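Here are the chains, one letter per residue:
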Amino acid sequence: MSDEPVVILGAGGPVGLHLARLMIDRGRRVRVVGRSEERMTAVFTGLGVEIAPADLSRTEDAARVMDGASLAFVCVGMPVRDLGALPGVARTIAEAAGRTGTRLVQVSNVWSYLPVRDADLPLTEMHARARGPQPARLRREAEDILEQTGACIAHLPDFYGPDVVNSPAQKAMGDALKTRRVSWMGRRDLPRPYAYLPDAVRMVADLAAYPEAYGQRWLIPGNGDLTGRDLGWMCERSIGRAVAVYTYGRVKLTFAASMNADLRDFLPMVPSYMKPMSFDTGKLEGLMGPQSLTPHEVSIKATLTWLAARAV
Ligand SMILES: NC(=O)c1ccc[n+]([C@@H]2O[C@H](COP(=O)([O-])OP(=O)(O)OC[C@H]3O[C@@H](n4cnc5c(N)ncnc54)[C@H](OP(=O)(O)O)[C@@H]3O)[C@@H](O)[C@H]2O)c1
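Just so it is clear, the structure is predicted and the values come from calculations on it, not from any experiment.

Caption draft 1: Representation of the side chain of S167 within the structure. Among the structural elements, S167 can be located in the loop between β7 (158-160) and α6 (168-179). Of the residues examined, S167 reaches a relative accessible area of 7% and is grouped as buried. Looking at S167, its side chain comes within polar contact range of the main-chain nitrogen of Q170, at 3.2 Å. Every residue in contact with S167, bar those within four places of it in the chain, is listed here: F159 and Y160.

Dropping the structure here:
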């Protein structure tokens, strides 16, 4: 095991957990960072990681946890209503990494590209990054702070898989098990890229090893575009009984949001989720070669198995 730790900042979510497992499997020492020691102890029990509680909005904390590490993954996430704090956290992490000489890989989503100009064209890293609702602007500002100091920015599509909790596709799969119906935002034949988290995290970890990956943005391929209809029949085949697909749009969401604060905060993002999306992943594949990805049908089955075991 290499003595120098790989640091995972904001490790308590699904991305941090999958990255920690992968790095341990690859023989690395891993230091996981989050504000709550209790929470991290619960998440990482038995994994053999070093737990380093820290508030990453404080430069001294951030520098302390990156001390002695040449690589840190930034996986900090927060509810939409708190995103105003994200650029400040990015600034703090960038400053601390400058002091400790740590290279950063920001694991991000695709919000900084929204609104997409032409939804019928695959998204590339060259797409304009301007305008958009406030959550998209804050995400963009945070990414820009890190990129300008030489970080690698990895954009993941929405994902699902074991240990994932907060994702529309994951929720739909949980519903398929419990209620035999999945809900889908937008038209049932609306294709959007979805990633199986173990595959996405493997590509992010591989990308971190390329010196030319830094100071640039990279779209991480999903495991293919998925529609609500596809998800329905894949759940149906996996579970072995009929699964119906119910769609919902802005009107239903607005109504539901009147009783749900998280949904209310998400509403400005909804128009972008009602349009098709696909990724042009030529840039990443040009660097790392073609990627071997689990077919959705296989990874959805694995996710349903994990969800079913958790429900017992
Ligand atoms: N979820 C998705 O579908 C999705 C899709 C694509 C990309 N992404 C991106 O992937 C990244 C990781 O996602 P995730 O879902 O794994 O993250 P997450 O669960 O939303 O957040 C990860 C952790 O960040 C920590 N954190 C927040 N503020 C902090 C601070 N000031 N100091 C220290 N830790 C702090 C939180 O732990 P404490 O509260 O204990 O500090 C939390 O457990 C995010 O950038 C996210 O946008 C997510």
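Anyway, onward from the coordinates.
Caption draft 2: Representation of the site of the ligand. Neighbouring the ligand are 26 residues; R35, L56, V107, R139 and F159 lie closest to it. At a separation of 3.2 Å, an oxygen atom of the ligand approaches a polar side-chain atom of R39. Taking V107, its main chain carries an N or O atom lying 2.8 Å from an oxygen atom of the ligand. Within the complex, the protein chains bury 85% of what would otherwise be the 900 Å² of accessible surface of the ligand. For the shell around the ligand, the secondary-structure elements that each account for two or more residues are α1 (14-25), β5 (103-108) and β7.

Caption draft 3: Representation of the sheet that holds strand β11 (residues 225-226). Read from one edge to the other, the open sheet built from 3 strands follows the order β7-β9-β11, with strand pairing classed as mixed. Looking at which strands have only one partner, the edges of the open sheet turn out to be β7 and β11. In this sheet, β11 lies alongside strand β9 (residues 192-196) in antiparallel orientation, the contact comprising 2 bridges. Note on β11: the bridge partner recorded for P193 is D225.

Caption draft 4: Examining the UniProt feature "domain: NAD(P)-binding" (unreviewed entry) in the chain more closely. In the numbering adopted here, UniProt assigns the feature "domain: NAD(P)-binding" (unreviewed entry) to residues 10-149. Across residues 10-149, helical content stands at 41% and strand content at 15%; the span's end C-alpha atoms are separated by 19 Å.

Caption draft 5: Spotlight on the packing of helix α8 (residues 228-239) against helix α13 (residues 296-311). In contact at an axis separation of 9 Å, α8 and α13 are set at 60° when each is read in the N-to-C sense. Comparing their axes, α13 and α8 come out oblique. Taken as a pair, α8 and α13 cross one another with a handedness that is right-handed. Within the contact between the two elements, α8 uses L231, W233, M234, C235, R237, S238 and I239 and α13 uses H296, E297, I300, K301 and L304. For the contact of α8 with α13, the class distribution of residues is 7 nonpolar, 2 polar and 3 charged.

Caption draft 6: Region of the structure containing the nonpolar core. If you look at the biggest cluster of nonpolar residues, it comprises 47 residues, and the most contacted ones within it are L9, L56, M66, I93 and L104. Sorting the residues of this core by element identifies β1 (2-9), α3 (59-66), β4 (71-74), α4 (86-100), α5 (134-148), α9 (250-257) and α11 (270-273) as the ones contributing at least two each. Among the elements that line this core, the one with the most residues is α4, at 7 residues. Ignoring anything within four residues of it in the chain, the contact list for L104 reads M66, A72, V74, I93, A94, A97, L146, A151, C152 and Y214. Among the nonpolar cores identified, the runner-up in size contains 41 residues, and L22, I24, C152 and I220 belong to it.

Caption draft 7: Fine view of the environment of R103. As for its placement among the helices and strands, R103 is situated in strand β5. A relative accessible area of 39% places R103 in the partly exposed class. Excluding anything up to four places from it in sequence, R103 contacts S70, L71, A72, P211 and Y214.

Caption draft 8: Representation of α1 in the model. Its 12 residues give α1 an end-to-end C-alpha distance of 17 Å, which sits within 8% of 16 Å, the value for a rise of 1.5 Å per residue. For α1, a buried count of 9 out of 12 residues is recorded, marking the element as mostly surrounded by other parts of the structure. V15, G16, L17, H18, L19, A20, L22, M23 and I24 are the residues of α1 that are buried. Downstream of α1 by a residue or two, G27 has a phi angle that is positive, lying close to 85°.

Caption draft 9: Examining the state of the cysteines more closely. The tally for this structure, following the rule as stated, stands at 0 disulfides. Left without a disulfide partner, C75 is nearest to the cysteine sulfur of C152, which lies 12 Å away. The exposure class of C75 is buried, given its relative accessible area of 12%. Residue C152 is classed as buried on the basis of its relative accessible area of 0%.

Cut-off values and rules
- Residues numbered from 1 in each chain as written.
- Predicted model: local features only at pLDDT ≥ 70, side-chain atom pairs only at ≥ 80, totals over all residues.
- Heavy atoms only, no water.
- Helix = DSSP H or I, 4+ residues; strand = E, 2+ residues; numbered from the N terminus.
- Buried < 20%, exposed > 50% of the residue type's maximum accessible area, 1.4 Å probe, protein only.
- Polar contact = N/O pair within 3.5 Å; in protein donor to acceptor, adjacent residues only side chain to side chain.
- Contact = heavy atoms within 4.5 Å.
- Near = heavy atom within 4 Å.
- Areas by Shrake-Rupley, 256 points an atom, 1.4 Å probe, with all protein chains shown as cover.
- Pairing = 2+ DSSP bridges.
- UniProt positions renumbered as here; feature names shortened; annotations may be inferred.
- Axes fitted to C-alpha atoms, helices over the stretch in contact; angles between N-to-C directions.
- Parallel < 35°, antiparallel > 145°, perpendicular 65-115°, else oblique.
- Left-handed = near helix turned anticlockwise from the far one by under 90°.
- Nonpolar A, V, L, I, M, F, W, Y, C, P; charged D, E, K, R; others polar.
- Core = buried A, V, L, I, M, F, W, Y, C linked by side-chain atoms within 4.5 Å.
- Expected span 1.5 Å × (residues − 1).
- Disulfide = S-S within 2.5 Å.

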